[in-house]
Amino acid sequence: MMRLFRKKTDYSYYSSYNSRRRGLRIDRAAIAIIGAIVLVLAIVVYLNFNRIQFLMKGYSWSTTSEIVRSFDDSEEKEILSHDKMEHILKWVDNSNKVQLYDDYERYYQLSKKLDQDYNYEEIVEFIDEVFSGQLRQLSNYGYSHKIIWNLLEDGSTKSDLQFLLDNQLDNATTAPYRKVDGYRMTKMLEYIAKYNEVKDYNYAVNIVNYPFIISSNGKPTKNYTVAKPDDLLALVKKGFYLSEDYEPDDLVTPKDEYVAPDCGNRKLRKAAYNAMVKMIKDAKKEDLHLLLNSGYRSYAEQTRIYQETEAKYGGAYAAEYVATPGASEHQTGLGLDMTAQSVVDKKRLVFSDTAEYKWVIANCQKYGFVIRFEAGKDGITGISHEPWHLRYVGEDVARDMIEHNWTFEEYCLYRNVIPKFKKD
Ligand SMILES: [Zn+2]
């Protein structure tokens, strides 16, 4: 058994040796053929290296042919160093400045985003002027290629860039103002002048853009419609209006125990309501009895109140004491008028005479409320002292405002919380 087995294995050994030798001969021939093919392929690849790369970037055969036909090797390499451009043939048609192709493409995308309706010729003309005309001068003022692109993305035009050059405004000078949303290049000198007065970049830019935020600076030159009225920090006042049909979608109706008996407009936005309930309950622990006197008012309701006041006391009085429809914080569902049980019971004449009022002054910020129209601040707010009117802004903001002794207007200016507007 053992012998047989060994013989068999020996046999199989020789057999495999022979076939391996045969295999080696075949392999040599194959290698020669493969080598030849590889060499040919290598030559083909070498001669068409750029073309292959264009195809691999996703350019079509015909586009690739057009590019290869139009440019020399170094120009092709320049194009290849950038991502695929959707409109490359347009740039080929309109410009031979290959080094700017990527900028054309980028500006094409940007102009779509900025809703500018530029055609290809205009884009080429604009980018040529900026990046081969103004660029050298701009870089002398510290504006790199990257920063110029940031400026374009902010919506800067050729004349904005020229404004920088004409006024010798370098990058270091303008950078802090450019961080503030809504800055406009051509107002840069005004921002700088204002900064020297107020020493705050946000404040400087915002007050130059919207001087009427501070009411004593005069009437709004334009009426803006707040684009995101649901924002807890939407500044609503003369000039910043809520649209006629705005009604918060999270209004809740308070329980009777929190509301004065003749309160007609009792709804509040959920966040404001929850905070108010907490405040009323905590006050009660100190035997103080706060009640809601007025909450959410619709645009139509505010119009009715305004017209009624006008008819009763005259236009001047209404303008002074009643918010213009759309400019009332009560329409946000975050503004509320408080009163006290003692006023309801006629033991006290007005809320500002009550112990509850004193407690509210000391404590309301803990619940996220501020007294919106304080004494001596009507130059800023445009509204005479209303001790009863609270505005819900949230605890952090309330604390920030109290800490700095800011009105809501000042908070918005310093913290750059300016509403976004609907386009007319
Ligand atoms: Zn009020």
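Here is what the cut-offs are and how they apply
Each residue is numbered by its place in its chain's sequence as written, counting from 1. Only residues with pLDDT of at least 70 get local features here, since the model is predicted, and only at 80 or more are side-chain atom pairs given and counted; chain-wide, interface and lining totals rely on the full set of residues. A run of H or I in DSSP becomes a helix once it reaches four residues, and a run of E becomes a strand once it reaches two; helices and strands are each numbered from the N terminus. In this setup the radius of gyration rests on C-alpha atoms only. A globule is expected at 2.2 Å times the number of residues raised to 0.38. Counting other C-beta atoms within 10 Å of a residue's C-beta gives its exposure: the residue is buried at 20 or more, exposed at 12 or fewer, and partly exposed in between, where C-beta atoms are placed from the backbone. Here the rule is simple: two strands pair whenever DSSP picks up at least two bridges between them. The domain boundaries here were taken from an automatic or database domain assignment. Note on residue classes: Ala, Val, Leu, Ile, Met, Phe, Trp, Tyr, Cys and Pro are nonpolar, Asp, Glu, Lys and Arg are charged, and everything else, Gly too, is polar. When buried Ala, Val, Leu, Ile, Met, Phe, Trp, Tyr and Cys residues are joined through C-beta atoms within 7 Å, the set is termed a nonpolar core. Contact between two residues is assigned whenever their backbone-derived C-beta positions fall within 7 Å. Helix axes are fitted only over the stretch in contact, all axes being lines through C-alpha atoms; the angle between N-to-C directions runs from 0 to 180 degrees. Roughly parallel refers to an angle under 35 degrees, roughly antiparallel to one over 145, roughly perpendicular to one between 65 and 115, and oblique to any angle outside these ranges. Rotating anticlockwise by less than a right angle from the far helix to the near helix defines a left-handed crossing, while the corresponding clockwise rotation defines a right-handed one.

This paragraph deals with the overall build of the protein chain. From N to C terminus, the protein chain includes 20 helices and nine strands. Relative to the 2.2 N^0.38 estimate, which gives 22 Å for 424 residues, the radius of gyration of the protein chain is 37 Å and therefore markedly larger than a compact globule would have. Split into buried and exposed, the 424 residues of the protein chain put 31% on the buried side.

Read from one edge of the open sheet, three strands run β2-β1-β9, paired in mixed fashion. Lying at the two open borders of the sheet, with one neighbouring strand each, are β2 (240–241) and β9 (421–422). Where strand β1 (residues 224–226) and β2 come together, two bridges link them in parallel fashion. Directly across from Tyr 224, in β2, lies its bridge partner Phe 240.

You can read the domains of the protein chain as domain 1 (112–213) and domain 2 (218–422). Between the C-alpha centres of domain 1 and domain 2 the distance comes to 38 Å. A per-class count over the side of domain 1 that touches domain 2 returns seven nonpolar, three polar and two charged.

Turning our attention to the nonpolar core. Within the largest apolar cluster, 86 residues are counted, with the highest numbers of intra-cluster contacts made by Tyr 104, Met 276, Met 338 and Val 370. Among the elements that take part in this core, helix α13 (residues 270–285) stands out by supplying seven residues, more than any other. Taken domain by domain, this core gets at least three of its residues from each of domain 1 (112–213) and domain 2 (218–422). Once residues lying within four places of it in the same chain are set aside, the contact partners of Tyr 104 are Trp 91, Ile 123, Val 124 and Ile 127.

We now examine the packing of helix α2 (residues 49–56) against helix α4 (residues 73–80). With their axes 11 Å apart at the nearest point, α2 and α4 run at an angle of 20° to one another. Relative to α4, the element α2 is oriented roughly parallel. Here the hand of the crossing between α2 and α4 comes out left-handed. Of α4, the residues touching α2 (which contributes Asn 50, Gln 53 and Phe 54) are Asp 73, Glu 76 and Leu 80. The class makeup of the residues in the contact of α2 with α4 is two nonpolar, two polar and two charged.

So, about the pairing of strand β8 (residues 386–392). Burial analysis of β8 places five of its seven residues in the buried class, the great majority of the element. Where strand β6 (residues 335–340) and β8 come together, three bridges link them in antiparallel fashion. Bridging from a neighbouring strand, Leu 336 pairs with Leu 390 of β8.

Bringing the packing of helix α11 (residues 188–198) against helix α12 (residues 201–209) into the picture now. Any two packed helices are characterised by the angle at which their axes cross and by the distance between the axes. The geometry of α11 relative to α12 is characterised by a closest axis approach of 8 Å and an angle of 130° between their N-to-C directions. Comparing their axes, α12 and α11 come out oblique. Considering only the axes of α11 and α12, their crossing is right-handed. Here α11 contributes Glu 190, Tyr 191, Lys 194, Tyr 195 and Val 198 to the contact with α12, which in turn contributes Tyr 201, Tyr 203, Ala 204, Val 205, Ile 207 and Val 208. For the contact of α11 with α12, the class distribution of residues is nine nonpolar, no polar and two charged.

Next up on the list: the sheet that holds strand β7 (residues 369–373). One open sheet accounts for four strands, arranged β5-β6-β8-β7; its pairing is antiparallel. The sheet is open, and its two edges are formed by β5 (290–294) and β7, each paired on a single side. For this sheet, the mean inter-axis angle between neighbouring strands, taken without regard to orientation, is 50°. Running over the sheet, α13 touches β5, β6, β7 and β8 and is turned about 145° from β5.

Time to look at the environment of Phe 54. Following the sequence through the fold, Phe 54 ends up in helix α2. The buried category is assigned to Phe 54, around which 24 C-beta atoms lie within 10 Å. Between the C-alpha atoms of Phe 54 and Val 68, which are 14 residues apart in sequence, the distance is 9.2 Å. Excluding its chain neighbours within four sequence positions, the residues that come into contact with Phe 54 are Tyr 59, Thr 64, Ile 67 and Leu 80.

Of note in this structure, Lys 199 is not a glycine but carries a positive phi near 60°. With respect to the helices and strands, the residue Lys 199 is situated in the loop between α11 and α12.

On the secondary structure map, Gln 134 appears in helix α7 (residues 120–140). We classify Gln 134 as partly exposed; it has 17 C-beta atoms within 10 Å. Those residues within four positions of Gln 134 in sequence are excluded, and the remaining contacts are Glu 129, Leu 161 and Leu 165.

The two faces of the sheet receive side chains in turn, since in a regular strand these alternate between them. In terms of residue burial, β7 counts as a mostly covered element, since five of its five residues are buried. Sheet topology places β7 next to β8; four bridges connect them, and they run antiparallel. The residue bridging Val 370 from the neighbouring strand is Arg 391, located in β8.

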